[in-house]
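Next come the chains, spelled out residue by residue.
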Amino acid sequence: MPTNKTNNIDSLGEFGLINRLTADFNLKNSTSLFGVGDDCAIVELNDKESLLITTDLLVEGVHFNLMYVPLKHLGYKAVAINVSDICAMNGRAEQITVSIAVSSKFPIEALEELYAGINLACDAFHVDLVGGDMSAAYAGLTISITAVGRIENNKITMRSGASSKDIIMVTGSLGASYMGLQILERENEVFKANSSVQPELDGFDSLIQRQLKPEARHDMVELFAQLGVIPTSMIDISDGLASDIFHLCEKSELGCQLFEEKIPMEDKTKLTALEFNISPITCALNGGEDYELLFTIKQEDFDKVAGNPSFTPIGYMTSKEEGKNLVDMNGELIPLKAQGW
Ligand code: ADP
Ligand code: MG
């Protein structure tokens, strides 16, 4: 509808904007099983399997800073975050396309480094680079990767499948990537002020690694298959636990109760957070870029995952009316907010 009044993008937020722009689209092909609104789109393949498609865009100055991000790591991460979205549907990634827009000021050797990282990730996640596109850019570097994967029809795991009382679980640990970013940003500021000062990165390797070279948890998808567990809902943690549990709750039309004391965080993450005067739980809730899997399982499946060091139960789903809450260390119920709480 044409209107004289223009609205600022910030007033809607990312998800509001996506909803507004895509609201008028209907799926015309019966093979388009699911469109916008999950970690991947789902396309009909055959009776046994479906195709999964996902895409992510990384923009210099918005998603990465080449002052401290090595191009090889960037290439690896760009692939990992796409594979992660395929894992979040319980699927296996098989192909990627890579498109880049780059300023002619970039040396060829720098782009070769980027592609060396992409190649490493292709090996690590067992995916094939099958195409892409290349353009000159006015400035900087932009990378867009699309990943295609496959999933058995009876194992498709969407954000919308959780039921009340399902147990909420997370793989690995949270918050390290965010603290890695804080370290890199701090040392970059020091370097900008005085380029003769060497950065103090010693002792923070594990955090920096989680920020620069995150892994897609395809190993967890294998583990689900081995254990005979099909999560009822799942998402990968890209924006932070608070934001991503919100998506599971909204799409499943439920509430949740998380327990702060259960949320898995490495000691190094907590100590570094305190050094930065950040409350450790904030790193897990609002930090993001962990690329761990956040999922729900039926209570009767709990025996299959209980005690497995790869998974931590952190709460359970409730009714929508009960809201989305965190029980803090003092036993108090705090309403979760997607951004901060
Ligand atoms: P994720 O964090 O898992 O990559 P996003 O938050 O980027 O997911 O996207 C949420 C949903 O919105 C996905 O289904 C995605 O395909 C869709 N989406 C994002 N941006 C656009 C866009 N510009 N046009 C159409 N769909 C979009
Ligand atoms: Mg995702």
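All residue numbers here refer to positions counted from 1 along the written sequence of the relevant chain. Numbering of ligands from 1 and lettering of chains from A proceed in the order in which they are written. Local features are withheld for residues below a pLDDT of 70 in this predicted model, meaning they are given only at 70 or higher, and side-chain atom pairs are given and counted only at 80 or more; totals for whole chains, interfaces and linings count all residues. Excluded from the side-chain calculations are hydrogens and water; all other atoms, namely the structure's heavy atoms, are used.

Chemist: It is not clear to me how the pairing of strand β10 (residues 293-297) should be interpreted in this structure. Could you clarify?
Modeler: Look at any regular strand and the pattern is simple: side chains alternate between the two faces of the sheet. Where burial is concerned, most of β10 is hidden: 5 out of the 5 residues are buried. The side-chain alternation of β10 yields two buried faces, one formed by Leu293, Phe295 and Ile297 and the other by Leu294 and Thr296. The pairing of strand β7 (residues 167-171) with β10 spans 4 bridges and is antiparallel. Across the sheet, residue Ile167 finds its bridge partner in β10, namely Ile297. Think of it in three bands: residues with accessible area under 20% of the maximum for their type are buried, residues over 50% are exposed, and the middle band is partly exposed, with areas taken using a 1.4 Å probe on protein chains only. In this description a helix means any DSSP run of H or I spanning at least four residues, a strand means any run of E spanning at least two, and both kinds are numbered starting from the N terminus. Strands qualify as paired when DSSP identifies two bridges or more between them.

Chemist: Can you walk me through the side chain of Asn188 in this structure?
Modeler: Its location among the elements puts Asn188 in helix α4 (residues 176-193). Look at Asn188 and you get buried, because its relative accessible area is 6%. In contact with Asn188, not counting residues within four places along its chain, are Asn65, Met67 and Tyr68. By the convention used here, residues are in contact when the closest approach between their heavy atoms is within 4.5 Å.

Chemist: I tried to follow the pattern of salt bridges on my own but got confused; where do I start?
Modeler: A side chain of one charge can pair with a side chain of the opposite charge if their charged atoms are brought near each other. In what follows, salt bridge is the name for a side-chain nitrogen of Lys or Arg lying within 4 Å of a carboxyl oxygen of Asp or Glu. Applying the stated criterion to the full structure yields 17 salt bridges. A salt bridge links Arg159 to Asp39, with the nearest nitrogen and oxygen atoms 2.9 Å apart. Of the two residues, Arg159 is situated in the loop between β6 (141-152) and β7 and Asp39 in the loop between β1 (32-34) and β2 (41-44); the sequence distance between them amounts to 120 residues. Residues Arg159 and Asp39 agree in their burial class; the two are buried. Between Glu152 and Lys155 there is a salt bridge whose closest N-O contact spans 3.5 Å. What makes Glu152 partly exposed here is its relative accessible area of 29%.

Chemist: Could you clarify how one ought to interpret helix α8 (residues 267-275) in this entry?
Modeler: Think of an α-helix as turning once every 3.6 residues; residues three or four places apart then point the same way. Taken together, the buried positions of α8 are occupied by Thr269, Thr272 and Ala273. Looking straight down α8, one finds its buried side chains confined to an arc of 105°; they lie on one side. Across α8 from its buried face, at more than 90 degrees, point the exposed residues Asp267, Leu271 and Leu274. Those residues of α8 that are buried lie in contact with α4, α5 (205-212) and α9 (280-287). Downstream of α8 by one or two residues, Asn277 has phi in the positive range, about 60°. This arc describes the spread of directions from the helix axis toward the C-beta atoms.

Chemist: Even after reading the chapter, I still don't get the domain arrangement of the chain, so can you show me in this structure?
Modeler: Often the size quoted for an interface is simply the accessible area lost on bringing the parts together. Boundaries of every domain are those given by an automatic assignment or by a domain database. Here the chain is described as being made up of domain 1 (9-155) and domain 2 (167-335). The C-alpha centroid of domain 2 is placed 22 Å from the C-alpha centroid of domain 1. Taken together, the contact between domain 1 and domain 2 spans 27 residues of the former and 29 residues of the latter. Together domain 1 and domain 2 conceal approximately 2400 Å² of surface at their shared face, both sides included; 59% is due to carbon and sulfur atoms. Across the domain 1-domain 2 interface, the total number found is 2 salt bridges. For Lys77, the salt bridge identified is with Glu289, shortest N-O distance 3.0 Å. N or O atoms closer than or at 3.5 Å make up a polar contact, with two conditions inside protein: a donor-capable atom paired with an acceptor-capable one, and, for residues adjacent in sequence, both atoms drawn from side chains. Counting every contact that joins domain 1 to domain 2 gives 6 residue pairs in polar contact (both at pLDDT 80 or more). Element by element, the count of residues in the side of domain 1 that touches domain 2 is highest for helix α2 (residues 71-87), at 9 residues. Three classes are used: nonpolar for Ala, Val, Leu, Ile, Met, Phe, Trp, Tyr, Cys and Pro, charged for Asp, Glu, Lys and Arg, and polar for all others, with Gly counted as polar. Of the residues contributing to the side of domain 1 that touches domain 2, the split by class is 14 nonpolar, 7 polar and 6 charged. Throughout, the accessible surface (probe 1.4 Å) given up by two parts as they are put together, summed over both, is called the buried area.

Chemist: Would you mind showing me how to read the packing of aromatic side chains here?
Modeler: Where two aromatic rings form a pair, the distance of their centres and the angle of their planes describe that pair. Here a Phe, Tyr or Trp ring, Trp counted by its six-membered ring, pairs with any other such ring whose centre lies within 6.5 Å, and the pair is stacked when the planes are under 30 degrees apart, edge-to-face when over 60, and tilted otherwise. Applying the stated criterion to the full structure yields 5 aromatic pairs. A centroid spacing of 4.9 Å and a plane angle of 75° characterise the contact between Phe224 and Phe295, whose relative ring orientation is edge-to-face. In this pair, Phe224 sits in helix α6 (residues 218-227) while Phe295 sits in strand β10, placing the two residues 71 residues apart along the sequence. Measuring from centroid to centroid gives 5.5 Å for Phe295 and Phe311, while their planes differ by 75°, and the two rings are edge-to-face. Here the residue Phe295 occupies a position in strand β10, and Phe311 occupies one in strand β11 (residues 311-319), the gap between them amounting to 16 residues. Residue Phe311 is classed as buried on the basis of its relative accessible area, which comes to 5%. Members of the aromatic cluster, each reached through a chain of ring pairs, are Phe224, Phe295 and Phe311. Charges are assigned to positions over rings by a cutoff of 6 Å between ring centre and Lys NZ or Arg CZ, combined with an angular limit of 35 degrees from the ring normal. Lying across the ring of Tyr76, Lys213 places its NZ or CZ 4.2 Å from the centre. The ring of Phe246 is capped by Lys324, whose NZ or CZ atom sits 4.4 Å from the centre of that ring.

Chemist: Mind showing me how you'd approach the sheet that holds strand β4 (residues 92-102) here?
Modeler: Strand pairing within a sheet occurs via backbone hydrogen bonds; the two strands may be parallel or antiparallel. With mixed pairing, the 6 strands of this open sheet are ordered in space as β1-β2-β3-β6-β4-β5. Taken across any chain shown, the strands that pair with only one partner, and hence form the sheet edges, are β1 and β5 (128-136). Sheet twist, expressed as the average angle between the axes of neighbouring strands with direction ignored, equals 25°. The sheet contact formed by β4 and β5 spans 8 bridges and is parallel. Counterpart to Ala101 in the pairing with β5 is Ser135. Working convention: axes come from line fits to C-alpha atoms, limited for helices to the stretch in contact. Angles between N-to-C directions cover 0 to 180 degrees. Set on the sheet, α2 makes contact with β3 (49-59), β4 and β6; between it and β6 the angle comes to about 35°.

Chemist: Honestly, the coordination of the magnesium ion (ligand 2) in this entry has me stumped. Any pointers?
Modeler: Four donors placed tetrahedrally about a metal ideally form angles of 109.5 degrees, and six donors placed octahedrally ideally form angles of 90 or 180 degrees. Water is not among the atoms examined, so metal sites may look incomplete; donors are the N, O and S atoms within 2.8 Å of the metal, or within 3.2 Å for Na, K and Ca. Protein coordination at the magnesium ion (ligand 2) comes from Asp39 (OD), Asp85 (OD) and Asp236 (OD), with a distance range of 2.0 to 2.1 Å. All donors of the magnesium ion (ligand 2) belong to a single chain; written as a sequence motif, their spacing is D-x45-D-x150-D. Of the two residues, Asp39 sits in the loop between β1 and β2 while Asp236 sits in strand β8 (residues 233-236), which places them 197 residues apart along the sequence. The same class applies to Asp39 and to Asp236, which are both buried.

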